[in-house]
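An overview of the molecular structure
Each chain, letter by letter, is given below.
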Protein chains: 2
Amino acid sequence: MRTSLCDTLGVEYPVCGFTPSEHVAAAISRAGGLGVLGCVRFNDAAELDAVLGWMDENTGGKPYGVDIVMPSKIPEEGSSMDLTKLIPDSHRSFVDKTLVELGVPPLPDETGEREGVLGWLHSVARSHVEVALKHPIRLIANALGSPPVDVIEQAHGRGVPVAALAGKAEHAVRHVDNGVDFVVAQGYEAGGHTGEIASMVLVPEIVDAVGERAPVLAAGGIGSGRQAAAALALGASGVWMGSFWLATEEYLQTMTGSVAMQRALVEASSSDTVRTRIYTGKPARLLKTRWTEAWAAPDAPEPLPMPLQNLLVSHAHNRIHAAADPSVVSMPVGQIVGRMDRVRPVADVLGDLVREYGETVARLNGA
Amino acid sequence: MRTSLCDTLGVEYPVCGFTPSEHVAAAISRAGGLGVLGCVRFNDAAELDAVLGWMDENTGGKPYGVDIVMPSKIPEEGSSMDLTKLIPDSHRSFVDKTLVELGVPPLPDETGEREGVLGWLHSVARSHVEVALKHPIRLIANALGSPPVDVIEQAHGRGVPVAALAGKAEHAVRHVDNGVDFVVAQGYEAGGHTGEIASMVLVPEIVDAVGERAPVLAAGGIGSGRQAAAALALGASGVWMGSFWLATEEYLQTMTGSVAMQRALVEASSSDTVRTRIYTGKPARLLKTRWTEAWAAPDAPEPLPMPLQNLLVSHAHNRIHAAADPSVVSMPVGQIVGRMDRVRPVADVLGDLVREYGETVARLNGA
């Protein structure tokens with residue numbers, strides 16, 4: 001399972017693993033893939049700096065990358081306080097009422113402050129880039145497409161390539177025109193922010209549109225060697241996996257208290273996801289639970305635009321997390337959740353994928 | 001590109017091509033695939049009999065199959081006249097008003113009669129099976145899952161295997177339990193009736209659920225050799241293609257007056273489809289045009305259940321077809337429409353697919 005991407009990224013397998021957990025990211029890198037740490041949860045750049053310092057010590061000298069969330073157009077923004085004023089009271093009431101109905105208790109140390117995740121803000125994402133470039137990162141990926149051109153140039157100045165997610169071929173072309181080095185073709189079936197075109201159609205379309213200028217990684221629906229082989233058959237130079245690492249042992253080391261969430265994922269089928277704007281304001285695929293169902297009810301308000309929707313629900317997310325009820329999880333995950341049937345070490349996931357990839361190519365040779 | 005399916009079906013390539021056109025079906029069979037003629041458009045069994053007689057003369061002795069539309073549970077039904085009474089006047093008014101707004105004129109020989117397509121009715125589908133079994137067919141496929149068990153037994157009694165479409169693994173298991181011989185795993189990206197799980201996730205899931213008992217064909221998103229190789233990598237024993245044949249020269253031989261429709265397909269991108277209940281009452285993916293947009297408007301009524309919705313719109317379909325306006329097409333097609341960039345002979349489509357399949361497997365061997 002070697003492609004040109006292995007040499008470019010300095011990895012053994014062309015498998016990029018996106019995760020908010022540094023323990024998972026480091027384990028992916030140690031196992032021969034490229035661990036890509038999601039930065040959006042770090043409101044404080046100093047905290048990210050410390051975690052990347054930990055990564056430097058724990059990847060065994062193997063390469064790793066980071067993932068930021070930065071729109072190419074600089075949006076209006078303000079402090080968290082300014083923004084929260086834009087959230088209608090009726091939306092707040094709906095969230096409060098829904099949490100009561102779902103049996104989600106307040107946090108024990110409820111303070112009334114609701115800062116939320118600020119990593120969606122442009123200024124915070126820029127601070128992530130500044131900090132990350134002080135570490136020996138091998139990739140900066142942007143979950144919202146092309147970062148601003150000056151950020152791309154900043155990364156290139158340090159010799160760090162930039163990847164961007166795309167859900168349409170026209171977006172991929174724009175990314176590469178902007179100087180992006182790799183395109184992650186993210187299909188409909190993927191977890192988190194996702195478009196409407198499924199991987200089977202999207203991947204070859206993006207490869208045909210930009211493949212001669214930039215390698216393409218396939219994202220969405222990949223959790224096995226057969227799926228990785230399918231992605232490479234479609235023309236991808238590698239795969240990008242996010243959801244699958246949520247059901248690993250290492251995930252719990254960072255995200256303590258996620259046992260209930262993992263149980264919900266392990267029990268879910270591929271039908272148990274929903275694409276909705278309730279997580280961030282943009283369409284994202286989540287695990288279908290009583291929380292997502294409440295937002296789909298006739299009395300539910302329309303989700304707010306990014307970044308307001310996440311500010312609205314981030315405190316609810318904390319309460320939901322603390323409640324540890326598998327039926328009220330709020331978690332981005334792809335349709336591959338149906339294949340996540342137990343919690344395993346990262347190295348086992350990657351090892352099984354590579355082994356099955358080899359078996360699949362051998363089988364195709366007989367066909 | 002050989003799998004066990006080739007021997008079972010007596011074909012050179014494990015490619016089943018579903019089409020309502022006998023000219024396309026015969027050309028697929030002659031080119032080494034299995035042409036599968038859709039029967040739903042035949043209200044009169046004698047007409048189907050004549051067309052299958054033509055197939056017998058024009059497939060060069062190569063095998064072919066038929067596709068029926070028959071729910072496993074026998075639904076309430078009556079004559080077309082009984083059923084049309086169940087259609088609310090408000091729905092009729094909406095259709096009439098919309099056609100005027102879209103500039104679709106009445107038919108020149110407008111009679112006021114609106115028989116519609118009756119092939120959705122159980123009794124009519126049974127007459128299709130009776131007729132088809134008098135011909136040397138090699139497969140009966142059912143677009144709505146398992147046919148009734150007695151129909152499966154009737155086919156087996158004549159030595160004809162039965163295939164059934166499935167959009168979920170649990171449906172596939174039920175089909176095989178009922179005696180179905182092949183499962184067509186139809187992903188979200190497919191045209192026509194389709195579920196929510198994309199091919200990348202669905203195909204291996206169905207293979208793991210029933211693959212030891214029944215070969216699985218992958219449907220949805222397949223129009224090239226890379227996609228066929230991906231399908232086989234995912235564990236499928238073959239592919240099932242429907243949309244792609246709509247942009248063939250042979251299609252026009254049966255479906256005269258489809259030039260405008262073909263132009264709309266050739267110009268469409270993979271984003272230009274929509275999954276909606278407006279065609280039959282069950283979710284089906286259609287080309288996105290001014291017709292589908294009208295049904296998505298806030299003032300549009302909810303589509304009726306099957307078979308009423310098709311009775312409601314079938315006359316409109318005739319008017320739309322006659323109007324020959326590429327912006328007001330009503331046509332089931334999958335996301336692969338983005339790859340349908342010109343009208344070609346069937347043999348070229350299949351030849352290119354087989355050639356690219358070989359190149360893809362060779363490329364994977366180097367990876």
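Calculation criteria
- Residues numbered from 1 in each chain as written.
- Chains lettered and ligands numbered in written order.
- Predicted model: local features only at pLDDT ≥ 70, side-chain atom pairs only at ≥ 80, totals over all residues.
- Heavy atoms only, no water.
- Helix = DSSP H or I, 4+ residues; strand = E, 2+ residues; numbered from the N terminus.
- Buried < 20%, exposed > 50% of the residue type's maximum accessible area, 1.4 Å probe, protein only.
- Contact = heavy atoms within 4.5 Å.
- Areas by Shrake-Rupley, 256 points an atom, 1.4 Å probe, with all protein chains shown as cover.
- Phe/Tyr/Trp six-rings, centres within 6.5 Å; stacked < 30°, edge-to-face > 60°.
- Buried area = accessible area lost by both parts, 1.4 Å probe.
- Salt bridge = Lys/Arg side-chain N within 4 Å of Asp/Glu carboxyl O.
- Polar contact = N/O pair within 3.5 Å; in protein donor to acceptor, adjacent residues only side chain to side chain.
- Least-squares fit on C-alpha atoms with pLDDT ≥ 70 in both.
- Pairing = 2+ DSSP bridges.
- Axes fitted to C-alpha atoms, helices over the stretch in contact; angles between N-to-C directions.
- Domains from an automatic or database assignment.
- Nonpolar A, V, L, I, M, F, W, Y, C, P; charged D, E, K, R; others polar.

So, about the overall build of chain A. Regarding its fold elements, chain A presents 15 helices and 11 strands. C-alpha atoms of chain A, sized along the principal axes, occupy 60 × 45 × 40 Å. Within chain A, the fraction of its 367 residues that count as buried is 60%. When contacts within chain A are restricted to residue pairs at least 6 apart in sequence, long-range pairs at least 24 apart make up 68% of them. Total accessible area on chain A is roughly 13500 Å²; 51% of this is exposed by carbon and sulfur atoms.

Time to look at the packing of aromatic side chains. Geometry of an aromatic ring pair is reported as the spacing of the ring centres plus the angle between the planes. Residues and elements named next belong to chain B. Applying the stated criterion across every chain yields a total of seven aromatic pairs over all chains. Centroid distance F18 to W240: 6.5 Å. Interplanar angle 15°. Geometry classified as stacked. Residue F18 is found in strand β1 (residues 15-19), and its partner W240 is found in strand β9 (residues 238-241); the two are separated by 222 residues along the sequence. Taking relative accessible area as the criterion, F18 reaches 27% and is therefore assigned partly exposed. Between W291 and W295, the aromatic rings sit 6.0 Å apart at their centres with planes inclined by 80°, giving edge-to-face as the arrangement.

On to the interface of chain B and chain A. Opposite the 41 residues of chain B that make contact, chain A presents 42 residues. In total, chain B and chain A occlude about 3300 Å² of area from one another, counting both sides; carbon and sulfur atoms represent 55% of this. One can count four salt bridges joining chain B with chain A. Of the charged contacts in the structure, one is a salt bridge between D208 of chain A and R226 of chain B, with a shortest N-O distance of 2.9 Å. On the surface where chain B and chain A come into contact, there are 17 residue pairs in polar contact (both at pLDDT 80 or more). For the side of chain B that touches chain A, the secondary structure elements donating two or more residues are α9 (199-210), α10 (225-233) and α15 (346-366) of chain B.

Bringing the pattern of salt bridges into the picture now. Under the counting rule described, the total for this entry stands at 34 salt bridges over all chains. Close ionic contact of E101 of chain B with K97 of chain B constitutes a salt bridge, the shortest N to O distance being 3.7 Å. With E101 of chain B and K97 of chain B both in helix α5 (residues 89-101), this residue pair falls four residues apart, about one helical turn. Accessibility expressed as a relative area gives 34% for K97 of chain B, which makes it partly exposed. Ionic pairing is found between E196 of chain B and R275 of chain B, a salt bridge with its closest N-O pair at 3.5 Å. Within this pair, whereas E196 of chain B is found in the loop between β7 (192-193) and α9, its partner R275 of chain B is found in strand β10 (residues 273-276), the two being separated by 79 residues in sequence. What you see here is one network of salt bridges that share partners, running through D208 of chain A together with R226, R339 and E356 of chain B.

A few words on helix α10 (residues 225-233) of chain A. Residues and elements named next belong to chain A. Burial analysis of α10 places nine of its nine residues in the buried class, which makes it a mostly covered element. By the burial criterion, the buried members of α10 are G225, R226, Q227, A228, A229, A230, A231, L232 and A233. G235 lies just past α10 and shows a positive phi near 110°.

A word on the side chain of T98 of chain A. Residue and element names in this part refer to chain A. Within the element layout of this structure, T98 appears in helix α5 (residues 89-101). Within polar-contact distance, the side chain of T98 engages the backbone oxygen of F94 at 2.7 Å. Other than its neighbours up to four places away in sequence, T98 contacts W291 and A294.

This part is about the relation of the copies chain B and chain A. Mapping chain B onto chain A leaves a residual RMSD of 0.0 Å; the transformation is a rotation of 180° accompanied by 0.0 Å of translation along its axis. Within this description, the copies of the chain are treated as partners about a two-fold rotation axis. Rotation axis and chain B: the residue whose C-alpha lies nearest the axis is A230 of chain B, separated from it by 2.0 Å. A high fraction, 100%, of the interface residues of chain B reappear at the interface in chain A, so the copies pair face to face through one surface.

What follows covers the sheet that holds strand β1 (residues 15-19) of chain A. Residue and element names in this part refer to chain A. Strand order in the closed barrel formed by eight strands is β1-β2-β3-β4-β5-β6-β8-β9, and the pairing between neighbours is parallel. Averaged over neighbouring strand pairs, the angle between their axes works out to 25° when direction is ignored. Of the pairings in the sheet, the one linking strand β3 (residues 64-68) to strand β4 (residues 139-142) comprises four bridges and is parallel in character. Following the sheet pairing, G65 is matched in β4 by L139. In the packing of helix α8 (residues 169-177) onto the sheet, contacts are made with β5 (162-166) and β6 (182-186), and the angle to β5 comes to roughly 160°. Helix α9 (residues 199-210) rests against β5, β6 and β8 (216-219) of the sheet, and its axis sits at about 155° to β6.

This part takes up the sheet that holds strand β7 (residues 192-193) of chain A. Residue and element names in this part refer to chain A. Pairing is antiparallel in the open sheet, where three strands are placed in the order β7-β11-β10. Here the strands that pair on one side only, and so sit at the sheet edges, are β7 and β10 (273-276). Note that β7 and strand β11 (residues 284-287) share two bridges and pair antiparallel. If you follow G192 over to β11, its bridge partner there is R285.

On to the domain arrangement of chain A. Residues and elements named next belong to chain A. In terms of domain boundaries, chain A breaks down into domain 1 (4-76 + 118-249 + 344-366) and domain 2 (80-116 + 257-328). The gap between the C-alpha centroids of domain 1 and domain 2 is 26 Å. Listed by partner, the interface residues are 17 residues for domain 1 and 16 residues for domain 2. Between domain 1 and domain 2 lies a buried interface of about 1400 Å² when both sides are counted; carbon and sulfur atoms form 60% of it. One can count one salt bridge joining domain 1 with domain 2. Where domain 1 packs against domain 2, one counts nine residue pairs in polar contact (both at pLDDT 80 or more). By residue class, the composition of the side of domain 1 that touches domain 2 is eight nonpolar, seven polar and two charged.

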